[in-house]
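# Per-entry structural report
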Amino acid sequence: MKEGWEAVIGLEVHAQLNTDSKIFCTCSTKFGQEPNSNTCPVCLGLPGALPVLNREAVKSAGKAALALNLKISNQSIFARKNYFYPDLPKGYQISQYDRPFSEHGTVEIMSSERDEGGRALEWRAKRFGITRAHIEEDAGKSVHDIGDPSKSYVNLNRAGTPLLEIVSEPDFRSSWEAYDYVNFLRRTLQYIGVCDGNMEEGNLRCDANVSVRPVGQEKLGVKAEIKNLNSLRFLQKAIEYEIDRQITVLETGGKIVQETRLWNEKEGKTVAMRSKEDAHDYRYFPEPDLPPLEVSDAWVESLRAKLPELPEARRQRFMREYELNADEAFTLTSQRELADYFETATKTSNHTRAAANWTLSELLRELKNADTDITACRIKAEDLGAMIRLIDDQTISGKIAKDVFVEMFATGRSPAEIVKEKGLVQITDTSAIEKIVDEVIAANPNQLKQYRDGKTALMGFFVGQVIKASGGKANPQAVNEILKKKLDG
Ligand SMILES: [Zn+2]
């Protein structure tokens, strides 16, 4: 950001709650069905149809609110938000207004600016406020015929899907803070299993309010709202672009107009969609067809008791407890099952560093190559731990372990079984190693002479030759000791 300026960013995130049925009727929420097949009089907005609240949706919203440290209200009120849109058949959306489901949250997350290559510069714990999270229904989808602009279609399968709208305080000062926050939301909601968090498929959507002001100025600048940011990368780029655009406008004597903008990925810029002057007046009023939503403290506490350790807390614990760096801890906690896997491998091997290295490099690489994830991994975490123990007690060398690992990954067999069957046990018997060392020295008289003339870097060459001659099975430490004695002697 240009010196002398400060950005102020607030974020609104819509998370689709992944219940089986819609929020006010029993229609399925299954994605990709025949258009308008998952509909009924309630979600079609037919006269006389009455909404009935889905208990599971409230439970999911409750878990999410607690995971985001929000305070859940004992009583919240559904409200009609009136506006006309072809994909909103009732002419209003059932949402919440002045009495939302939950309010007043603060989250502490790790955040960092990035360099040009996208690498984190310095992770720091930061606190951001969440104003509220309320429950509402999704609208349907208008589909425009590209071939024939006179035609538009509407698909109401999505109408009535439960949403949680999460509104932040304007606490973000850079595009990367916004990126880290939305990424945190996505991971957290996935972790507790209430939202699939797939931004490309639209089950997590984000709008960003962006304004700038000179450093030191208290008064907020005029903001622009960037709508429908459907990937984390677009979110970051759109905010970055918008900050620069606003600063340039102000520095050249122009004025920022309050408006809604869209991110155009192809051109790499935000473009004006509509000004706020023709913004809708939603004329909110309480929804007469639904009673107030009442939840007891006991219900809230029973939900809280069932929450797992959340990814951000777990990341910070991994850094503390296992001395992992922020990036390693971030990757290992990206999926609940992966974090569990690493912890089990650590416990069984009693060697944290090795468990982290094997999981982060070999294991994740093989999973990626196989286009699968940890839930389908054939190597049991206990077996990875057992393999690390075999290295540590010098039964196998690190080099052999890589082959054993590949075999384990393909077959799911235990390391002990593979090592035994293939005769991969490391040679630690010094007389056997001495014999190989003698042969290697005898076969390389030139290198021996150079070594004795002072070119001691050739040590590495001899070690390599001996290990190779042993089929990778000679214990490297023993090889080093014996070689040194013989070469120097
Ligand atoms: Zn329905």
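Higher on the page you've got the structure.
Description of the structure in this document.

The helix and strand inventory of the protein stands at 15 helices and 16 strands. Its C-alpha radius of gyration of 30 Å places the protein more than 25% over the 23 Å reference for a compact globule of 489 residues. Counting only C-alpha atoms and orienting by the principal axes, one finds that the protein spans roughly 95 × 55 × 50 Å. In the protein, buried positions account for 46% of the 489 residues. Summarising the internal contacts of the protein: among those between residues at least 6 apart in sequence, 69% fall at separations of at least 24. Here the protein has roughly 24600 Å² of accessible surface; of this, 50% comes from carbon and sulfur atoms. One way to put it: in the protein the 66 positive side-chain charges average out to a point 2 Å from where the 73 negative ones average out.

Now for the packing of aromatic side chains. As enumerated under the stated definition, the model contains 16 aromatic pairs in all. Counting every residue linked through ring pairs, the aromatic cluster contains Tyr 83, Tyr 85, Tyr 97, Tyr 282 and Tyr 284. Arg 187 extends its terminal NZ or CZ atom over the ring of Phe 330, reaching a point 4.0 Å from the ring centre.

In this section: the coordination of the zinc ion. The protein atoms that coordinate the zinc ion are Cys 25 (SG), Cys 27 (SG), Cys 40 (SG) and Cys 43 (SG), at distances spanning 2.3 to 2.4 Å. In this structure, the zinc ion is coordinated by 4 donor atoms arranged in tetrahedral fashion, with angles at the metal of 99 to 116°. Of note, the donors binding the zinc ion are all from one chain and are spaced C-x1-C-x12-C-x2-C. Here Cys 25 is found in the loop between β1 (5-16) and α1 (55-67), whereas its partner Cys 40 is found in the loop between β1 and α1, with 15 residues between them in sequence. Pair check on accessibility: Cys 25 and Cys 40 agree, each one buried.

The subject of this paragraph is the packing of helix α2 (residues 175-191) against helix α5 (residues 311-322). Packing of α2 against α5 brings their axes to within 9 Å, and their N-to-C directions diverge by 100°. With respect to each other, α2 and α5 are oriented roughly perpendicular. On α5, the residues that touch Phe 184, Arg 187, Thr 188 and Tyr 191 of α2 are Pro 311, Glu 312 and Arg 314.

Bringing the layout of surface pockets into the picture now. Reported here for the second largest pocket is a volume of approximately 460 Å³. Lining of the second largest pocket is provided by 20 residues; of these, Gln 16, Thr 29, Lys 30, Phe 31 and Arg 158 occupy positions nearest its centre. Taken together, the residues that form the lining of the second largest pocket break down as 4 nonpolar, 11 polar and 5 charged.

Let's shift gears to the pairing of strand β7 (residues 124-137). Note: strand β6 (residues 102-111) against β7, 9 bridges, orientation antiparallel. If you follow Glu 108 over to β7, its bridge partner there is Arg 127. As defined by bridge partners, β7 adjoins strand β10 (residues 162-168) across 7 bridges and the pair is classed as antiparallel. Looking across to β10, one finds that His 134 is bridged to Glu 165.

Compared with the 20 Å implied by 1.5 Å per residue over 14 residues, the 20 Å span of helix α12 (residues 430-443) between its first and last C-alpha is a close match. All of the buried residues in α12 are Ile 433, Ile 436, Val 437, Val 440 and Ile 441. The arc enclosing the buried residues of α12, seen along the axis, measures out at 135°, which places them on a common side. The exposed set on the far side of α12, more than 90 degrees from its buried face, consists of Lys 435, Ala 442 and Ala 443. Looking at the packing, one finds that the buried side of α12 touches α13 (445-452), α14 (459-469) and α15 (476-488).

Once that is clear, we can look at the pattern of salt bridges. If you walk through the whole model with that rule in mind, you get 43 salt bridges. Here Asp 138 makes a salt bridge to Arg 158, at a shortest N to O gap of 3.4 Å. Of the two residues, Asp 138 is situated in the loop between β7 and β8 (141-144) and Arg 158 in the loop between β9 (152-155) and β10; the sequence distance between them amounts to 20 residues. Here Arg 158 falls in the partly exposed class, since its relative accessible area comes to 23%. Here Glu 362 ties to Arg 365 by a salt bridge, and the two come within 3.6 Å at their closest N and O atoms. Here Arg 365 and Glu 362 lie together in helix α8 (residues 352-369), a separation of 3 residues that amounts to about one turn. Arg 365 sits in the partly exposed class, given a relative accessible area of 43%.

Rules of the game
Residues numbered from 1 in each chain as written. Predicted model: local features only at pLDDT ≥ 70, side-chain atom pairs only at ≥ 80, totals over all residues. Heavy atoms only, no water. Helix = DSSP H or I, 4+ residues; strand = E, 2+ residues; numbered from the N terminus. Rg over C-alpha atoms; globule rule 2.2 N^0.38 Å. Buried < 20%, exposed > 50% of the residue type's maximum accessible area, 1.4 Å probe, protein only. Contact = heavy atoms within 4.5 Å. Areas by Shrake-Rupley, 256 points an atom, 1.4 Å probe, with all protein chains shown as cover. Lys, Arg positive; Asp, Glu negative; His and termini not counted. Charge placed at Lys NZ, Arg CZ, Asp CG, Glu CD. Phe/Tyr/Trp six-rings, centres within 6.5 Å; stacked < 30°, edge-to-face > 60°. Lys NZ or Arg CZ within 6 Å of the ring centre and 35° of its normal. Donors = N, O, S within 2.8 Å, 3.2 Å for Na, K, Ca; no water. Tetrahedral: all angles 85-135°; square planar, octahedral: opposite > 155°, others 65-115°. Axes fitted to C-alpha atoms, helices over the stretch in contact; angles between N-to-C directions. Parallel < 35°, antiparallel > 145°, perpendicular 65-115°, else oblique. 1 Å grid on protein atoms, 1.4 Å probe; cavity = no way out; pocket = protein on both sides within 12 Å on 5 of 7 lines; lining within 4 Å. Points joined across faces, edges and corners; volume = space filled by probe spheres on them. Nonpolar A, V, L, I, M, F, W, Y, C, P; charged D, E, K, R; others polar. Pairing = 2+ DSSP bridges. Expected span 1.5 Å × (residues − 1). Arc of directions from axis to C-beta. Salt bridge = Lys/Arg side-chain N within 4 Å of Asp/Glu carboxyl O.

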